[in-house]
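In case you want the letters, here they are:
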Amino acid sequence: MKTEVVPIQQIHEPLFEEKAVSLFVKREDLNHPTISGNKFRKLKYNLAEAKRLGHKQLLTFGGAYSNHIYATAAAANAYGFESIGVIRGEETLPLNPTLAFAKSMGMEFIYLDRASYRLKNEEKVKNTLHNKFGDFYLIPEGGTNQLAIKGCKEIVKDLDQEYDYYCLAVGTGGTISGVISGLNGKRQVLGFTSLKGNFLEGEVGQLLLEYCDNRYSNWSINTDYHFGGYAKVKPELIDFMKDFEARHNILLDPVYTGKSMFGVYQLIHNGYFPEGSRILFIHTGGLQGRKGYNLK
Ligand SMILES: *Cc1c(COP(=O)(O)O)cnc(C)c1O
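Residues numbered from 1 in each chain as written. Predicted model: local features only at pLDDT ≥ 70, side-chain atom pairs only at ≥ 80, totals over all residues. Heavy atoms only, no water.

*Asks:* When you look at the overall build of the protein in this model, what are you seeing that I'm missing?
*Replies:* What the protein contains, in helices and strands, is eleven helices and ten strands. Computed over its C-alpha atoms, the radius of gyration of the protein comes to 19 Å, within 12% of the 19 Å expected for a compact globule of 296 residues. Seen through its C-alpha atoms, the protein measures out along the principal axes to roughly 60 × 40 × 35 Å. Every one of the 296 residues in the protein was classed for burial, and the buried ones make up 54%. (Helix = DSSP H or I, 4+ residues; strand = E, 2+ residues; numbered from the N terminus. Rg over C-alpha atoms; globule rule 2.2 N^0.38 Å. Buried < 20%, exposed > 50% of the residue type's maximum accessible area, 1.4 Å probe, protein only.)

Okay, here's the thing in structure tokens:
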């Protein structure tokens, strides 16, 4: 899987001049037309591994609007795999735009009610899936595993310039773990979680320990901008996104990048970043998710 070289765009705002900081956006949303964003990075080495092991099918898990389901279906189609999506909840017809796209890429679905879905990592569930579908390469929900971290490390490889802060949206923590390990202790990494709760610092620490035997300390996860929790939005978030998009011509998604960009603006406003700071916001993609919110 080849990655396009993506542009880094500077964002200009009177607020940034007033606070003497500069903000840049790394357009990972442009790294692939359909697989796009951090999901492309997370899948890259997993697909190579699946191929190496001789698998014909990929199987993964996600909600009905999941960026990961969308990207996995597209990646499987582009690289010659069959794909199976284990979807949380009941089947609803007609299929929503995410699942309709995945289906058009050849993905086959199986639906698990919420209680069974919670047990998806147990051997019993895996065995049932193997009995039904035969052999497959399993990619976890959200795509996070050690090979995903390896792929996400490349987000900060070969940057022409250095930045003081690297900011990005966090879901399962795989992407930020890659960025942290890629920076190898330098600079500051600031994640913004789209989920409620404080469990992510522990989880990212654990992922880092497994990946590179080092937790690092130059990072933190801000939990102030989840807007009510995963996939929840508030009018002030949507207003912010529309205003940002109109003035800078960069689309955001309401689940991840909209919330984290809102957080970055708020922290700049609050004087969190010292004068002279250069901030890189990593646009992790996810724009397919806009359709579920009537954002074109
Ligand atoms: C999945 C996703 C994330 C979260 O990535 P994790 O590796 O799970 O933390 C962030 N942004 C977008 C757009 C995503 O689709």
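*Asks:* How should helix α10 (residues 235-248) be read in this particular structure?
*Replies:* The α-helix winds at 3.6 residues per turn, so residues separated by three or four positions along the chain end up facing the same way. Spanning 14 residues, α10 covers 20 Å between terminal C-alpha atoms, matching the ideal 20 Å at 1.5 Å per step. Those residues of α10 that sit buried are L237, I238, F240, M241, F244, E245 and H248. When α10 is viewed along its axis, its buried side chains cluster within an angular range of 160° and face the same direction. Opposite the packed face of α10, turned more than 90 degrees from it, sit the exposed residues P235, D239 and A246. If you follow the buried residues of α10, they end up packed against β1 (8-11) and α11 (257-269). Directly beyond the C-terminal end of α10, a positive phi value near 60° is found at N249. (Expected span 1.5 Å × (residues − 1). Arc of directions from axis to C-beta. Contact = heavy atoms within 4.5 Å.)

*Asks:* Got a minute to help me understand the site of the ligand in this structure?
*Replies:* Among the 16 residues in the neighbourhood of the ligand, the closest are listed as K39, K42, T172, T175 and T284. With respect to the ligand, the side chain of T172 contributes an N or O atom lying 2.6 Å from an oxygen atom. A distance of 2.7 Å is found between an oxygen atom of the ligand and a side-chain nitrogen or oxygen belonging to T175. Protein coverage of the free-state accessible area of the ligand, which is 380 Å², stands at 98%. Broken down by secondary-structure element, the contributors of at least two residues to the shell around the ligand are α2 (38-52), β7 (165-170) and α8 (174-183). At three residues, the largest contribution of residues to the shell around the ligand is made by α2. For the shell around the ligand, the per-class residue count stands at three nonpolar, eleven polar and two charged. (Near = heavy atom within 4 Å. Polar contact = N/O pair within 3.5 Å; in protein donor to acceptor, adjacent residues only side chain to side chain. Areas by Shrake-Rupley, 256 points an atom, 1.4 Å probe, with all protein chains shown as cover. Nonpolar A, V, L, I, M, F, W, Y, C, P; charged D, E, K, R; others polar.)

*Asks:* Would you take a moment to explain the packing of α2 against helix α3 (residues 67-78) for this structure?
*Replies:* Helix-helix packing: each pair is described by the crossing angle between the helix axes and the interaxial distance. One way to put it is that α2 packs onto α3 with a least axis distance of 10 Å and a crossing angle of 45°. On the basis of their axis angle, the class for α2 and α3 is oblique. Crossing angle aside, the handedness with which α2 passes α3 is right-handed. Residue-level inspection shows K39, L43 and L47 of α2 in contact with α3, the latter providing N67, H68, A71, T72 and A75. Residues of the contact of α2 with α3, tallied by class, amount to four nonpolar, three polar and one charged. (Axes fitted to C-alpha atoms, helices over the stretch in contact; angles between N-to-C directions. Parallel < 35°, antiparallel > 145°, perpendicular 65-115°, else oblique. Left-handed = near helix turned anticlockwise from the far one by under 90°.)

*Asks:* So what exactly am I meant to see when it comes to α2 here?
*Replies:* Compared with an ideal rise of 1.5 Å per residue, which puts 15 residues at 21 Å, α2 spans 22 Å between its outermost C-alpha atoms and is within 8% of the ideal. Of all the bends in α2, the greatest measures close to 30° and is centred on K44. Taken together, the buried positions of α2 are N38, K39, F40, R41, K42, L43, K44, N46, L47 and A50. Tucked inside the fold, the buried residues of α2 contact β2 (22-26), β3 (57-62), α3, β6 (137-139), α7 (146-153) and α8. Trailing α2 by a residue or two, G54 shows a phi angle of about 80°, which is positive. (Bend = angle between axes of the 7 residues up to and from the residue.)

*Asks:* Sorry if this is basic, but what is going on with the packing of aromatic side chains here?
*Replies:* How two aromatic rings sit relative to each other is given by the distance of their centres and the angle of their planes. Within the structure shown, the criterion is met by 17 aromatic pairs. Judged by centre distance (6.0 Å) and plane angle (50°), the rings of Y225 and F262 are tilted. In this pair, Y225 sits in the loop between β9 (219-222) and α10 while F262 sits in helix α11, placing the two residues 37 residues apart along the sequence. Taken as a pair, Y225 and F262 share a single burial class, namely buried. (Phe/Tyr/Trp six-rings, centres within 6.5 Å; stacked < 30°, edge-to-face > 60°.)

*Asks:* Would you explain the environment of V6 in this entry?
*Replies:* Note that V6 resides in the segment before β1. Once the C-alpha coordinates of V6 and G182 are considered, the two residues, 176 residues apart in sequence, prove to be 17 Å apart.

*Asks:* Any chance you could explain the packing of α7 against helix α9 (residues 200-212) here in plain terms?
*Replies:* Packing of α7 against α9 leaves a shortest axis separation of 10 Å and a crossing angle of 85°. Compared by their axis directions, α7 and α9 come out roughly perpendicular. Judged by residue contacts, Q146, I149, K150 and K153 of α7 engage L207, E210 and Y211 from α9. Among the residues forming the contact of α7 with α9, the class breakdown is three nonpolar, one polar and three charged.

*Asks:* What am I meant to see in the pairing of β7 here?
*Replies:* A regular strand carries its side chains on alternate faces of the sheet. Burial within β7 is extensive, with six of its six residues counted as buried. Handedness of the crossover is the feature at issue here: the chain leaves β7, passes through α8, returns alongside strand β8 (residues 188-193), and the resulting connection is right-handed. (Right-handed = clockwise from strand over helix to strand, strands pointing away.)

Any link to function would need more than the numbers given here.
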